[in-house]
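Examination of the molecular architecture
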Amino acid sequence: MMDIVLISCGKNLLMSQYFLSLSVCLIIFLRNRSIQENGDVKIEQKIDEVSFGKIFAICCTLMVLKSHSLKTFSQKYPPVKFLSEKDRKRILITGGAGFVGSHLTDKLMMDGHELTVVDNFFTGRKRNVEHWIGHENFELINHDVVEPLYIEVDQIYHLASPASPPNYMYNPIKTLKTNTIGTLNMLGLAKRVGARLLLASTSEVYGDPEVHPQNEDYWGHVNPIGPRACYDEGKRVAETMCYAYMKQEGVEVRVARIFNTFGSRMHMNDGRVVSNFILQALQGEPLTVYGTGSQTRAFQYVSDLVNGLVLLMNSNISSPVNLVMSRSQIQFLSEAQDDPQRRRPDIRKAKMMLGWEPVVPLEEGLNKTIQYFSRELEHQANNQYIPKPKAARMKKGRPRHN
Ligand SMILES: NC(=O)c1ccc[n+]([C@@H]2O[C@H](COP(=O)([O-])OP(=O)(O)OC[C@H]3O[C@@H](n4cnc5c(N)ncnc54)[C@H](O)[C@@H]3O)[C@@H](O)[C@H]2O)c1
């Protein structure tokens, strides 16, 4: 029986066939010998010999399967550039298993850097980074940034924080702790190891703005005790901490004020307009529009944001920078408390100083996002998820950000 299992295991493996045949021959030889000598040989000895043969066969098979699986395992990773030791950086991404963090992980891994992803999986998922697990340049740590972290890194992208209203309002105290104590811990780490830290801040620091468009000099209009305050004020304090560490301790900081971003791996039930409309449309439900006032938001596709974050990290701009697409705006209605009425960012600074501007047209980005949502719904309908290790493969030598 064991022999049959072993043979069927190795059936499709070219290399293993050789070892398997060898093992099976050995087993047969030992059996025959035992049978021939049956008169003289004790039963235990016969069993010992056969067991030895089987163990040998199993070991050979395991070795072959292991080498084969290692081979296929290494083949499954998206192609990664080789960087010399001088150019290769040790990079920490907090919140790296989340929506934006996982796309940033893809870019920096494919660029050839060594990545440590830290996440407490509150809103992030291992699935988002599963295609890198086992890669020699990649490490995933289950850790809450509210606790100190002691590692050696050159750069820190600090993204850990729930980002959508239902998530950050779910546990406002935890949201505050993550953005304050968590940021303090990461700045402390940056100071200790001399790393540069980029904070993923938000357009919410402008609150419900009274100035249009909002450029980086605008101080904002935030309700400090409203339902969104845990996030808005949490991020404002996080920015304050960054500049205190810069001035007092000489830590190099970068602050990106991110506006609404969409794309694959975004949360399907985050209650935001893009995910709501896509989900409702795919499920054949009516599209819901709340309230009476028309509001504006600016959107960008996730690959554009990720490129902007990397450019900012490696620039010499230490003051805050708005990252968003300013051309395409979507109008929608809402009546949530403290929901900003108008959001119209000014991204001239990012254009001028980083040479950055979003390139993915809204329609193209939405199409990719719709495809992602369809796949997710399909998995849900089948009640099954089959990992697709080649999901982030590169096409014609260029990274594909899906
Ligand atoms: N997506 C957007 O449109 C947007 C807009 C503005 C700002 N941002 C900022 O960008 C960052 C990433 O946002 P996202 O959309 O990817 O959100 P996300 O919820 O998908 O990702 C956040 C990640 O942080 C992790 N996390 C939360 N609390 C943590 C903690 N205490 N310790 C360790 N990990 C923790 C979550 O598990 C998750 O993986 C956030 O800081 C968010 O405030 C995002």
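Structure first, text after, so check above.
Everything in this summary refers to the structure shown in the same document.

Rules and cut-offs
Positions within a chain are numbered from 1, following the residues in the order the chain's sequence is written. Residues qualify for local features only when their pLDDT is at least 70, as the model is predicted, and side-chain atom pairs are given and counted only at 80 or more; totals for whole chains, interfaces and linings, by contrast, use all residues. Hydrogens are left out, water is left out, and the side-chain values use all remaining heavy atoms of the structure. Salt bridges are counted wherever a side-chain nitrogen of Lys or Arg sits within 4 Å of a carboxyl oxygen of Asp or Glu. Helix numbers and strand numbers start at the N terminus; a helix is a DSSP run of H or I with at least 4 residues, a strand a run of E with at least 2. Think of it in three bands: residues with accessible area under 20% of the maximum for their type are buried, residues over 50% are exposed, and the middle band is partly exposed, with areas taken using a 1.4 Å probe on protein chains only. Being near a molecule or strand, for a residue, comes down to having at least one heavy atom within 4 Å of it. Distance and chemistry together define a polar contact, namely a pair of N or O atoms within 3.5 Å, with one atom able to donate a hydrogen and the other to accept it when in protein, and with adjacent residues in sequence counting only for side-chain atoms on both sides. Here a pair means two rings of Phe, Tyr or Trp (six-membered ring of Trp) with centres within 6.5 Å. Their orientation is stacked below 30 degrees between planes, edge-to-face above 60, and tilted elsewhere.

A separate point is the pattern of salt bridges. Any two side chains of opposite charge can pair, on the condition that their charged atoms come close. Across all of its chains, the model carries 19 salt bridges by this definition. In this structure, the salt-bridge partner of D154 is R90, at a minimum N-O distance of 2.8 Å. Here D154 is found in the loop between β3 (138-142) and β4 (155-158), whereas its partner R90 is found in strand β1 (residues 90-94), with 64 residues between them in sequence. Relative accessible area serves as the criterion here: at 28%, D154 is assigned to the partly exposed category. By relative accessible area, R90 is classed as partly exposed at 33%. The residue D111 makes a salt bridge to K107 at a minimum N-O spacing of 3.1 Å.

Around the ligand, a shell composed of 30 residues is seen, among which V100, D119, T123, Y231 and H267 lie nearest. G124 has a polar backbone atom sitting 3.0 Å from an oxygen atom of the ligand. Between the ligand and L159, the relevant distance is 2.8 Å, taken from an oxygen atom to a main-chain nitrogen or oxygen of the residue. At the level of elements, α4 (99-110), β5 (196-202) and α7 (229-249) are the ones that each hand at least two residues to the shell around the ligand. A total of 3 residues in the shell around the ligand trace back to one element, the largest contributor, which is β5.

So, about the packing of aromatic side chains. Under the definition given, this model contains 7 aromatic pairs. When the centroid spacing of 6.4 Å and the interplanar angle of 70° are considered together, the rings of F262 and F299 count as edge-to-face. Taken as a pair, F262 in strand β7 (residues 261-262) and F299 in the loop between β8 (294-298) and β9 (300-301) lie far apart in primary sequence, 37 residues in all. Centroid distance F262 to Y301: 5.7 Å. Interplanar angle 65°. Geometry classified as edge-to-face. Here F262, found in strand β7, pairs with Y301, found in strand β9; they are 39 residues apart in sequence, far enough to count as distant. Taken together, the ring pairs in this structure connect Y206, Y218 and F259 into an aromatic cluster.

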